[in-house]
Amino acid sequence: MSEVQPIEGQNKQEEPNYLNWSYTIKSWLLTVDHKRIAMLYLVSITLFFIVGGVAAMAIRAELVTPKADLFSPDTYNRIFSAHGIVMIFFFLIPSIPATLGNFLIPLMIGAKDLAFPRLNLLSWYVYIAAGTLAVTALVLGGVDTGWTFYTPYSSTYSNGNVVIALFAAFLAGFSSIFTGLNFLVTIHKMRAPGLTWFRLPLFVWATYATSVIMLLGTPVIAITLMLVVAERTLHFGIFNPANGGDPILFQHLFWFYSHPAVYIMILPGFGVISEIIACFSRKRIFGYSFVAMSSLAIALLGFFVWGHHMFTTGQSMYQGMVFSILSFVVAVPSAIKIFNWAATLFKGRVTFHSPMLYAMGFMGLFTIGGLTGLFLSDMAVDIHLQDTYFVVAHFHYVMVGGAIMAFLGGVHFWWPKMTGKMYHEPAAKIAAILTFIGFNATFFPQFVVGYLGMPRRYAVYPEEFQFWHVCSTMGATLLAVGYLLPGIYLTYSLFKGEKAPDNPWGGVGLEWHTTSPPSPHNFDEVPIVTWEAYEYDVDDDGSIYDSPVITGESNSKEREFTAASAAEHPAGD
Amino acid sequence: MSEHTEIAVHGEYQEHHEHHYTPTSHFLVVFAFLIVMLIATVAAAFVDLQKIIPIPGMNIIVMLAIAISKATAVVLVFMEVRKGTRLIWLWAGAGFFWFLMMLGILFDYFTRTGVTPV
Amino acid sequence: MSVPAVHGEHPHSDDPHLLFAHHFIERKQQDETYLVGMWAFLVTEIMFFGALFIAYMVYRSVWPGEFGDFSRAHLSTFLGLINTFILLFSSLTMAMCVQSAQRKLYGRMQMFMVATFLCACGFLVVKTIEYSRKYNENLIPGPLFQYSEGHGAASTEEASAAPEKSEHSGAEVASAESHSEGRKFSLPAVKGRGDKHHRHAEIFFSLYFIMTGVHGIHVVIGMIIMVIILVMYCRESPLVMDFMPIEMFGLYWHFVDIVWIFLYPALYLIKPDLGKFHF
């Protein structure tokens, strides 16, 4: 760790923080501190992102040419399956909740830790066990079923390492159940006194909604995957059509979780974006309660639309109509958020620091992704677009252009708080812009080529599509650079970065009122909250907050946290 | 999810009071109810209830009703939910409600037309 | 839960009922947190078993008569009734155990926990009898499956050495279609696997074994936890002197009972036959 340099305005820097109170391996691997567990997760998911990213580069490399010349079709099947399984179960689903959520939720609600600290650690270990199994499956040759494991191929006919992969996904599911359970109980029971629900930061609302989905949806896929394992190993088949079983039943049960799962991936991102936009517009989020309730609405409605993945499978047409209309409805809460964020920017004092660039990128890319989802919700259009690259482009726009941009934005935004270091801001701006350009260059051509008829999961395609695939691969290379850069400058900042002040951006959440990095127990005394969320434009003496300036000076107002002064701060101060 | 401001009783020692418990008689009454319901459900299984009350699926309705009443008794009394906080009620209720959402899967099978391999 | 109180402002106490972990403000908050946490876990279990019930409901709704046939022919209503009674009684003993812990009557608590454990053992004994019967009647799904009751007991010569998949891919679809019970779905006959009654039976028994098996695993897990609690009681560990762990385990055990309350009529009471209501 670099030496502590006294900087004007800093306080409490000689006191131990959660990172440096002990450097032993045991103190890290047996920690129950939510902040350390968040860091453990951050390192782990980054490793999985690299694995999934390598698979992605392999896919793009193969698709440069119309023939299956780099890999055989069977190998290609295993590569895209690996990409999907690793990215979804081991990167996207844990990403924001397990890293930023774990770190920030107790800080944002004024608690000393999550409700069940040891369960938190167990969740990480289960995740690591799951990841080990997944890597084992990959090393042994992977699976060729796709991340969706459709029966009866996965349960009967596939020759891949399906059982190991299924157990890996099963365990990863339990890791997310434990995390979700922890967050739910924490947010219900451990908010600081005075912190009513409608004073919570929107990140907490979003995490709450995510946790509801994690808790209620994941067990369904857990048992479904176990049914496939049972069918494959013990021949206890209920999806086997040779026995009169219905493979579509598997799809129903699978998508009953996997559709809400995509909301697990995006909802925390919405929370991060709310925080970033509020901070860098110096304004309260417009329509705060609408944005809060829209998170819950997405969590609820998201459970009613799974059939839109199955329009072309032979499910009942009437059921399809119901799913179609409900899929249109579920877009509404997301749209509410986008409108409210835009309204927040209006007449805000906007500054474009790097987290804000990621947030802006998110707004544009998620809008495109969300709108193309509506195309797919239309049953008639979906008949043409199902299983084409249009679908691939749609979900990459929302999951990569959306969730990953939000994740990166959040990591940048809270990096000073988590590590106590400032990263190189110009490099971050370049990385954000490169990512945005590279992303669009990669995935926009895929909308076109999908509409023109290119099916997904194919290594071989007609020559007329090659132009679009070449464009896409070129973009992917740029995107890879955009992702590599944060890896470089963020790691560099750990060693050589300037020491971060407590509140470099001038945020108003409770997390900005502890040290950077926080002490092991977060708060010395339990704070008593008497103010509303996002009070950016109010100050004790009536003056407006300054714009965020990255200096050593802390420029947020100090809040009194003792019970004695609670009487001096009536609600709404 | 209280809307009221709760100030922590910080520094005051919470006097631990005797934890209220359910009297044994309540448990025995519920147990008797469960056994009676068990006998009822077994007996009902042998009778074609559709002949008595001509609603299609009457047997299934009765079985479900009996099972739900037994489960409710266990949840409220044995699991002490009737003494629980609003939050406990929320979670107990949410769990069973969410299960109902999966019934949408059945809707597909009831409305399929044409040849389907099931 | 045996961590000393926060800030050192609270006097240290030997009474485990007064201790709470450092990240809680007061004991009441910790108690409620643990209860809510346990209920949240039970909610995941509801969804876990729920998916199995949905799968069962799907197949029963499309083959109602057949499911009744299979159940009546091979599932002993009487043994299931014994098991249901055992589990209901174990729920009573568990509730009494929790009450004893709340009243700090540790001897009674131990007695009722042993009683619950014995009930669970009894449940497993009956289950073993049932499962071994299925084994003897060749009703374990898979290569050994051979449904034999009434019509169409065409046993197939399954090559035990060959993997299961080759047999499926080798099946030929006959041109004639058979209709199941007048419903609008039709099913192509598949040669080499017996008739559709046989095949549907394999699905029924797959569901039976998976549902009762997963339930049985939960019973076994409960038994393991009970043993751990009893051992810790003998060592006078503060963990079990506090009623909260017992209460949490009680919730789990009652849930296991509730699952069986639904499983029994679902699987055993579809269309029982009074003549077969015997051991």
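Here the residue numbering is sequential within each chain, running from 1 through the sequence in written order. Here the convention is simple: chains get letters from A, ligands get numbers from 1, in the order in which they are written. Since the coordinates come from a predicted model, pLDDT governs what is reported: local features require at least 70, and pairs of side-chain atoms require 80 or more to be given and counted, while whole-chain, interface and lining totals use all residues.

Section: the overall build of chain C
In DSSP terms, a helix is any run of H or I states spanning at least four residues, a strand is any run of E spanning at least two, and both are numbered starting from the N terminus. Within chain C one finds 8 helices and 2 strands. Taken from the N to the C terminus, the helices and strands of chain C come in the order α-α-α-α-α-β-β-α-α-α. Looking at chain C residue by residue over its 279 residues, the buried ones come to 45%. Note on contacts: each residue gets a C-beta atom placed from the backbone, and two residues are in contact if those atoms are within 7 Å. Contacts in chain C between residues far apart in sequence, at least 24 positions, make up 67% of those at least 6 positions apart. Counting other C-beta atoms within 10 Å of a residue's C-beta gives its exposure: the residue is buried at 20 or more, exposed at 12 or fewer, and partly exposed in between, where C-beta atoms are placed from the backbone.

Re the overall build of chain A
Assigned secondary structure in chain A consists of 15 helices and 2 strands. Only the C-alpha atoms count toward the radius of gyration. The rule for a globule is 2.2 Å times the residue count to the power 0.38. Compactness check: chain A gives a C-alpha radius of gyration of 24 Å against a globular reference of 25 Å for 573 residues, within 12% of the reference. In terms of its C-alpha atoms, chain A occupies a principal-axis envelope of roughly 75 × 45 × 45 Å. Counting across all 573 residues of chain A, residues that qualify as buried make up 60%.

So, the interface of chain C and chain A
Tallying the contact residues gives 37 residues for chain C and 35 residues for chain A. Looking at the side of chain C that touches chain A, the elements that each hand over two or more residues are helix 1 (27-62), helix 5 (164-169), strand 2 (186-190) and helix 6 (196-234) of chain C. If you tally residues by element for the side of chain C that touches chain A, the top one is helix 1 of chain C, at 15 residues.

A word on the confidence of the model for chain C
Residues and elements named next belong to chain C. The predicted model of chain C has a mean per-residue pLDDT of 78, with 75% of residues at 70 or higher. For every residue, the predictor assigns a confidence score, pLDDT, that lies between 0 and 100. A low-confidence stretch, residues 1-12 (pLDDT under 50), is modelled with 20 contacts involving residues beyond four sequence positions or located in other chains. Counted against residues more than four places away or in other chains, residues 150-192, with its pLDDT under 50, gives 58 contacts. In the model output, the complex is listed with pTM 0.87 alongside ipTM 0.87.

A short note on the packing of helix 6 of chain C against helix 8 (residues 243-268) of chain C
Residue and element names in this part refer to chain C. Fitted lines through C-alpha atoms give the axes, limited to the stretch in contact for helices. The angle between two N-to-C directions lies from 0 to 180 degrees. With their axes 11 Å apart at the nearest point, helix 6 and helix 8 run at an angle of 155° to one another. Judged by the angle between their axes, helix 6 and helix 8 are roughly antiparallel. Considering how the two elements wind past one another, helix 6 and helix 8 form a crossing that is left-handed. For the pair helix 6 and helix 8, the contacting residues are Tyr208, Met211, Thr212, His215, His218, Val219, Gly222, Ile225 and Ile229 in the first and Phe249, Tyr252, Trp253, Val256, Val259, Trp260, Leu263 and Leu267 in the second. Throughout this entry, Asp, Glu, Lys and Arg are counted as charged residues, while Ala, Val, Leu, Ile, Met, Phe, Trp, Tyr, Cys and Pro are counted as nonpolar. The remaining residues, Gly among them, count as polar. When the residues that make up the contact of helix 6 with helix 8 are grouped by side-chain class, the tally is 13 nonpolar, 4 polar and no charged. Every angle not falling under 35 degrees, over 145, or within 65 to 115 is termed oblique; those three ranges are roughly parallel, roughly antiparallel and roughly perpendicular. Throughout, a crossing is termed right-handed when the near helix is turned clockwise from the far one, and left-handed when it is turned anticlockwise from it by less than a right angle.

Comments concerning helix 3 (residues 58-78) of chain B
For the α-helix, the turn length of 3.6 residues means that residues three or four positions removed from each other point alike. Given the number of residues in a helix, its expected span is that number minus one, multiplied by 1.5 Å. Spanning 21 residues, helix 3 of chain B covers 29 Å between terminal C-alpha atoms, matching the ideal 30 Å at 1.5 Å per step. Of the positions making up helix 3 of chain B, those classed as buried are Val62(B), Met63(B), Ala67(B), Lys70(B), Val74(B), Val75(B), Val77(B) and Phe78(B). Those residues of helix 3 of chain B that are buried are in contact with helix 1 (24-45), helix 2 (49-52) and helix 4 (86-101) of chain B together with helix 3 (77-102) and helix 8 of chain C. Downstream of helix 3 of chain B by one or two residues, Glu80(B) has phi in the positive range, about 60°.

Structural notes on the environment of Ser44(A)
All names here are of chain A. The topology assignment puts Ser44 in helix 2 (residues 34-62). Along the sequence, Ser44 and Gly131 sit 87 residues apart, while their C-alpha atoms lie 9.0 Å from each other. If sequence neighbours within four positions are ignored, Ser44 has contacts with Tyr127, Ile128 and Gly131.

Quick notes on the packing of helix 3 of chain C against helix 8 of chain C
Residue and element names in this part refer to chain C. Taken N-terminus to C-terminus, the directions of helix 3 and helix 8 make an angle of 165°; their axes are 9 Å apart at the nearest point. When the axis of helix 3 is compared with that of helix 8, the two are roughly antiparallel. When the axes of helix 3 and helix 8 are compared, the crossing they make is left-handed.

Some points on unusual backbone geometry
At the junction of Thr151(A) and Pro152(A), the peptide bond is cis and its omega measures out at -5° in the coordinates. Relative to the assigned elements, Pro152(A) resides in the loop between helix 4 (117-139) and helix 5 (153-157). Geometrically, the link from Ser516(A) to Pro517(A) is a cis peptide bond, its omega value of -10° lying close to zero. Relative to the helices and strands, Pro517(A) is located in the segment after strand 2 (498-499). The phi dihedral of His235(A) is positive, around 60°, even though this residue is not glycine. Of note, His235(A) is situated in the loop between helix 7 (202-233) and helix 8 (247-281). One non-glycine residue with positive phi stands out, namely Glu80(B), at about 60°. By the secondary structure assignment, Glu80(B) is in the loop between helix 3 and helix 4. The class of Glu80(B) is buried, set by 23 C-beta atoms lying within 10 Å.

Digging into the confidence of the model for chain A
Atom-level detail of predicted coordinates should not be read off regions where pLDDT is low. All names here are of chain A. When pLDDT is averaged across chain A, the result is 89; 91% of the residues are at 70 or more. Every residue in residues 1-13 scores below 50 in pLDDT, and together they form 16 contacts with partners more than four places removed in sequence or on other chains. Low pLDDT, under 50, characterises residues 540-573; the stretch is placed with 59 contacts to residues that sit more than four places away or in other chains.

Details of helix 4 of chain B
Over its 16 residues, helix 4 of chain B runs 22 Å from end to end, which matches the ideal 22 Å to within 8%, given 1.5 Å per residue. Among the residues of helix 4 of chain B, Ile88(B), Trp91(B), Ala92(B), Gly95(B) and Trp98(B) are the ones counted as buried.

As for the environment of His469(A)
All names here are of chain A. Examined against the element boundaries, His469 turns out to sit in helix 15 (residues 466-496). For His469, a count of 21 C-beta atoms within 10 Å translates into the label buried. With residues up to four places along the chain from it excluded, the contact list for His469 reads Leu63, Val64 and Val449.

What to know about the environment of Ala393(A)
All names here are of chain A. Note that Ala393 resides in helix 13 (residues 389-419). Take Ala393: there are 25 C-beta atoms within 10 Å of it, and that puts it in the buried class. A sequence separation of 164 residues divides Ala393 from Val229, and the C-alpha atoms of the two residues are 31 Å apart. With residues near it in sequence (within four places) discarded, Ala393 still touches Phe443, Gln446, Phe447 and Gly450.

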